[in-house]
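# Per-entry structural report
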Amino acid sequence: MSVSVYATNVVTMIGLAVAIDYSLFIVSRYREEIRRRPAGEALACTLATAGQSILFSGLTVAIGLLGLYALGLGTLGPFGLCGTIVVSFAVLYGLTFLPALLAVLGRE
């Protein structure tokens, strides 16, 4: 598959924006919950609420970008496929690594 030279820049911007957005969503929710509960319960409540929102949002964005690939519009196809991969990694990071980091840091 041929990939446009612009795909790297566009996919990097999409991935960075989505990863920052999802991370800030988790961290802000965790900071709200840590004021009321112990760290373990706060993290569980954060993942039950914000985690579910991130999963749904990431799935929606990934399906939308995959639509670009499914349409087969020449140079837009690789944008959609690469964007889907990047968004999937952002969701994976937001639901695994970030909560683990928050659990290690605790109240810090």
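The sections below set out a description of the structure shown in this document. Keep in mind that what you see is a predicted model, and the values were worked out from it rather than measured.

Let's shift gears to the packing of helix H3 (residues 76-95) against helix H4 (residues 97-105). Where H3 contacts H4, the two axes come as close as 3 Å, and the packing angle between them is 25 degrees. On the basis of the axis angle, H3 is roughly parallel to H4. Contacts between H3 and H4 involve Leu-92, Tyr-93, Gly-94 and Leu-95 from the former and Phe-97, Leu-98 and Pro-99 from the latter. Classifying every residue of the contact of H3 with H4 gives 6 nonpolar, 1 polar and no charged.

Moving on, we come to the pattern of salt bridges. According to the stated counting rule, one finds 4 salt bridges in the structure shown. Where Glu-32 meets Arg-29, a salt bridge forms, and the shortest distance between an N and an O atom there is 3.6 Å. Here the residue Glu-32 and the residue Arg-29 both occupy positions in helix H1 (residues 7-34), the gap between them amounting to 3 residues, near one helical turn. Taking relative accessible area as the criterion, Arg-29 reaches 25% and is therefore assigned partly exposed. Here Arg-29 and Glu-33 are joined by a salt bridge, their closest N and O atoms 3.0 Å apart. Within this pair, Arg-29 and its partner Glu-33 are both found in helix H1, separated by 4 residues, close to a single helical turn.

Thresholds applied
- Residues numbered from 1 in each chain as written.
- Predicted model: local features only at pLDDT ≥ 70, side-chain atom pairs only at ≥ 80, totals over all residues.
- Heavy atoms only, no water.
- Axes fitted to C-alpha atoms, helices over the stretch in contact; angles between N-to-C directions.
- Helix = DSSP H or I, 4+ residues; strand = E, 2+ residues; numbered from the N terminus.
- Parallel < 35°, antiparallel > 145°, perpendicular 65-115°, else oblique.
- Contact = heavy atoms within 4.5 Å.
- Nonpolar A, V, L, I, M, F, W, Y, C, P; charged D, E, K, R; others polar.
- Salt bridge = Lys/Arg side-chain N within 4 Å of Asp/Glu carboxyl O.
- Buried < 20%, exposed > 50% of the residue type's maximum accessible area, 1.4 Å probe, protein only.

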